[in-house]
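Listed below, chain by chain, are the residues.
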Amino acid sequence: MTRKGKTIDTVWSGTWVAERLGVELSGADGGASPELRELLGLALRRNPKRAHLLVSQVLGKHVPQSPAAVYAAGHGLGVRVRELLGDRAADAVVLGYAETATGLGHCVADGLGPAPYLHSTRRPVPGLRPAGGFEEAHSHATSHLLLPEDPALLAGEGPLVLVDDEFSTGNTVLNTIRDLHARNPRTHYVVVALVDMRSPADRDRLTGFAAELGARVDLISLASGTVTLPDGVLEKGRALVEEHDPAPGAAAGGTAAGAAVVGASVAVASVADGPDADAQVGAAPADTAAGGTAATGTAPAGASVADAPGAGAPAATPDGVVPGVTRVALGWPAGLPDGGRHGFSAAHRQELEAALPAMAARLADALGARPGRVLVLGNEELMYAPLRLARALEESGTAREVRFSTTTRSPVLAVDDPGYAIRTRLVFPAHDTPADGPGDRYAYNVAGAGFDTVVAVVDSAGDTPELHAGLLARLAPHTGRVVLAVVPSYVPDDRQEPTVTHPPLPGPLRGPAFSSYAPEDVGWLLQDLSDVRLEAPTEEREEAIQAGGAHYAESLPVEYQPSPQYQELYRGALEASAARIARAVGTVTETVLAERSPSPVLVSLARAGTPVGVLMRRWARARHGLDLPHYAVSIVRGRGIDANALRWLAAHHDPADVVFVDGWTGKGAITRELREALAAFPGFDPEIVVLADPGSCVKTYGTREDFLIPSACLNSTVSGLVSRTVLRSDLVGPHDFHGAKFYRDLAGADVSAAFVDTVAARFDEVADAVAAEVKELLAADRTPTWVGWAAVERISEEYGIHDVNLVKPGVGETTRVLLRRVPWKILAQRDAGPDLDHVRLLAEQRGVPVEEVDGLPYTCVGLIHPRFTRGATGADGKAVASQ
């Protein structure tokens, strides 16, 4: 076999199982079949009904493969079905099997042409009546449902094409046809599989079954043969699994490990060689994106490897860098199904084809100029959408190499041996609230495969905190970069909505029981976690974040206690800037009243937005006699806004009146986060309003100047004594608000009320200036230019950082870097003046150089050290990696 100009020896990936269990693959003629060996490997699984697993090399499930090869295998089978059916192809319906063949069936439907597609599912939809169901006896999860949006899809008389990855005994196909034929008889069925491995007795059984029905049953496959299983293979297989993986539930780092404390280390030993994969364990290809490939350790040949805390490779690269997660907005067309769970028509296919180039371009932009080797990783039943994205990315030539595979429910033994098909295993908890309850999920042959970038593609139903704490955290130590793309989960129609019920939510928390603000100033749509110990020293906390891919919102930093000198600087800054802040408060409030709603519901993003929301409410009351509702809600980078808080708001107010408020913009990460999060909640306006918009990210603002907002200088003591918000699965359930703490013990240092009172006292003197400024703004073009983002990208490259997540622009973000992160240096506008007095003091206390520069669009910019990421968290809230 030749690969990239080199002749190399290959080992069949079924050798290990064949030698130990006596399992044999043979061709249709009973002899050896090189074709079957190219298509299949062997592995062992923990399943009482079948010990072995046929591991396809072209399915895109367990073995990362070229998207073109995966698509071509299914599409080519579809073309053969079209040739078989002739004129009747136009009347055919294609049915694929979950979860393994959902993408394959879709590809077959593409090759067939105009045929609609449906795949079975293991995810029930409340209120949607199944059109059929059947059992897959040998599967890990046996029950299949058929949930077409249009029940008539399965009621026609044309040929029904059933697609599975393998045709082993024929039991699943017989069960399917029996169920559907009893509901709606047909005269012709076509069974399609990558491989037909039935025994002669199974072939005879299907022939007799077809005669009994009075229907024609054809079968099309890429290859055919038989699997010979010796006596006692189940017992032998079970013993082998126990020998190499004695306690998979506990040691594999699954659900139990996923609930562990922040900072659990996760690693995997060995290397996974898919077809055409050259990478050696621990070797970073020359064309790397963000720090190259995470180093992995090696296990002794034949050793079982599992994703266990503390096992195998360290969770960080030798430089101490842990990859972050970049969220990319695909621009998936509204109303286009994410797959065939509820049906996918020829019109849907045309719409997807038209949209793919733009979505691939957005993905390519997110990957950057040097993504290296890229894996696009689908999720269980969601195979086709990520496959098509991977294929489009591959065709674009953006990456040096693109591979595709998906996660799965099926537990398979991992053995680090070239003659075994499953070399490595990542284990993580389910993240889409499955009907059968929580459980482990798996990604095979990903760890150690030398991928510089992994693009995880999930549907929005699976975009949950468990996803970030589970799969994404498991991926982070094994690749240079993780990118998350979310496809909206398709809901057939509104009939299901009334059946989805949520427990009643509590009312908002208010002071003085929670926060030091007056009860009328703000209601917190949060749960009180004041009695839970969540703080950790900065070094320890950030070590935990980078070691296990833990999210920043799962713990809290120790609150910074300002020195007397720093407190004096704060008081001076407040006195000097109070009028300027009052003017910005008045401008943004008047703009909201004029353009958004005469009676807005202010919803601040806790906690930086909350002092601004309180001030906007004070302005509306002082100048217009309005008593505006004001709530604070949690939004978490990489996890979105609190969905339960949105449900509460929608139940108590008109969503059209809700105005989301934040303090300032930097790069615009929260602006994007809010827009994406609200896509699933129609009626809410995703346009955020801010006091200061130096990044030019929004169109409703008080000012676009980058000046010192004194509330950015402090933490809870200027924000009602409320902590940053917390989102952790063991503390926040699916029907809970996000959490936060009330630091009652810091009451002596609290300046929250004093800050608001000082600014509000200047309202009258700035009223005329506000009126003139608002008049100009309402007539001006305020379209965001995102000039700040362009500046951040330039600074990232000029200073050799090559990662925008390590560049924190603006006075507010720079202050946060100095208070909570591990800064490298501060860039400051030359002669910036007193706006930076507190920054200079903090920098001096932490030994951080301040470099004055010309042409800086912000007053200052904080830089995280590109090779020391304790405290450096990216747009998704996790530690980031950089070259």
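First, a word on what this report is: a plain description of the structure on this page. These numbers were taken from a predicted model, which means no experiment stands behind them. (Residues numbered from 1 in each chain as written. Predicted model: local features only at pLDDT ≥ 70, side-chain atom pairs only at ≥ 80, totals over all residues. Heavy atoms only, no water.)

### Here's the deal with the sheet that holds strand 33 (residues 807–809)
In spatial order, the strands read 33-36-34-35; together these four strands make up an open sheet with mixed pairing. The two strands at the open ends of the sheet, each matched to only one other strand, are strand 33 and strand 35 (850–853). Going from strand to strand, the sheet's axes swing by 25° on average, the running direction of each strand aside. Across the sheet, helix 20 (residues 787–798) is in contact with strand 33, strand 34 (823–829) and strand 36 (860–864); its angle to strand 33 comes to roughly 140°. (Pairing = 2+ DSSP bridges. Helix = DSSP H or I, 4+ residues; strand = E, 2+ residues; numbered from the N terminus. Axes fitted to C-alpha atoms, helices over the stretch in contact; angles between N-to-C directions. Contact = heavy atoms within 4.5 Å.)

### Let's talk about the pairing of strand 36
The buried fraction of strand 36 amounts to five of the five residues, a majority that puts the element mostly inside the structure. Alternating residues of strand 36 divide into Cys-860, Gly-862 and Ile-864 and Val-861 and Leu-863, and every residue in both groups is buried. By the bridge criterion, three bridges tie strand 33 to strand 36 in an arrangement that is antiparallel. Along strand 36, the bridge assignment pairs Val-807 with Leu-863. When strand 34 meets strand 36, the two strands line up antiparallel, connected through five bridges. Bridge pairing in strand 36 places Leu-827 opposite Val-861. (Buried < 20%, exposed > 50% of the residue type's maximum accessible area, 1.4 Å probe, protein only.)

### Let's talk about the packing of helix 3 (residues 67–85) against helix 11 (residues 384–396)
Put simply, helix 3 and helix 11 touch, their axes get as near as 8 Å, and they point 125° apart. By the criterion of interaxial angle, the relationship of helix 3 to helix 11 is oblique. Read as a crossing pair, helix 3 and helix 11 show a hand that is left-handed. When helix 3 is examined against helix 11, the residues Pro-67, Ala-68, Val-70 and Tyr-71 are found in contact with a partner set consisting of Tyr-384, Leu-387, Arg-388, Ala-390, Arg-391 and Glu-394. Of the residues in the contact of helix 3 with helix 11, the class split is seven nonpolar, no polar and three charged. (Parallel < 35°, antiparallel > 145°, perpendicular 65-115°, else oblique. Left-handed = near helix turned anticlockwise from the far one by under 90°. Nonpolar A, V, L, I, M, F, W, Y, C, P; charged D, E, K, R; others polar.)

### Details of the sheet that holds strand 17 (residues 401–407)
Spatially, the five strands line up as an open sheet ordered 15-21-20-16-17, and their pairing is parallel. What marks the edges here is a single partner per strand, and that holds for strand 15 (325–328) and strand 17. Each adjacent strand pair in this sheet contributes to an overall mean axis angle of 25°, direction not counted. Packed on one face of the sheet, helix 10 (residues 346–367) meets strand 15, strand 16 (373–379), strand 20 (453–459) and strand 21 (481–487) and runs near 155° to strand 21.

### Describing the packing of aromatic side chains
Inspection of the entire model under this criterion finds eight aromatic pairs. For the ring pair Tyr-442 and Tyr-444, a centre distance of 5.8 Å and an interplane angle of 5° mean the geometry is stacked. The exposure class of Tyr-444 is buried, given its relative accessible area of 1%. Ring centres of Trp-619 and Phe-763 lie 4.9 Å apart, and the angle between their planes is 75°; on these two criteria the pair is classed as edge-to-face. (Phe/Tyr/Trp six-rings, centres within 6.5 Å; stacked < 30°, edge-to-face > 60°.)

### A closer look at the nonpolar core
Core analysis: the biggest nonpolar cluster contains 108 residues, and Leu-44, Val-94, Leu-112, Val-161 and Tyr-420 have the highest contact counts within it. When residues of this core are assigned to their parent elements, the largest contribution, eight residues, is made by helix 10. The contacts of Val-94, once residues within four sequence positions are left out, are Gly-105, Val-108, Ala-109, Leu-112, Ala-115, Pro-116, Tyr-117, Leu-118, Val-161 and Val-163. Residues Ala-828, Ala-832, Leu-836 and Val-839 belong to the second largest nonpolar core, which totals 70 residues. (Core = buried A, V, L, I, M, F, W, Y, C linked by side-chain atoms within 4.5 Å.)

### Here's the deal with the pairing of strand 26 (residues 601–606)
Most of strand 26 is tucked away: six of the six residues are buried. Side chains Val-601, Val-603 and Leu-605 of strand 26 all project onto a buried face; the interleaved residues Leu-602, Ser-604 and Ala-606 project onto the opposite face, where all are buried too. Summarising the sheet, strand 26 and strand 29 (residues 658–664) pair through four bridges and their orientation is parallel. Across the sheet, Val-603 pairs through a bridge with Phe-660, a residue of strand 29. By the bridge criterion, five bridges tie strand 26 to strand 27 (residues 630–636) in an arrangement that is parallel. By the bridge assignment for strand 27, Leu-605 is matched with Val-633.

### Topic: helix 16 (residues 643–652)
Among the residues of helix 16, those classed as buried are Asn-644, Ala-645, Leu-646, Trp-648 and Leu-649. The elements touched by buried residues of helix 16 are strand 26, strand 27, strand 28 (640–641) and strand 29. Its side-chain oxygen placed 3.0 Å from the backbone nitrogen of Asn-644, Asp-642 serves as the N-cap of helix 16. (Polar contact = N/O pair within 3.5 Å; in protein donor to acceptor, adjacent residues only side chain to side chain.)

### Focus: the side chain of Lys-61
Mapped onto the elements of the fold, Lys-61 is located in the loop between strand 5 (52–56) and helix 3. At 2.9 Å, the side chain of Lys-61 and the backbone oxygen of Thr-407 are in polar contact. Those residues within four positions of Lys-61 in sequence are excluded, and the remaining contacts are Glu-99, Thr-100, Glu-380, Met-383, Ser-405, Thr-406, Thr-407 and Thr-408.

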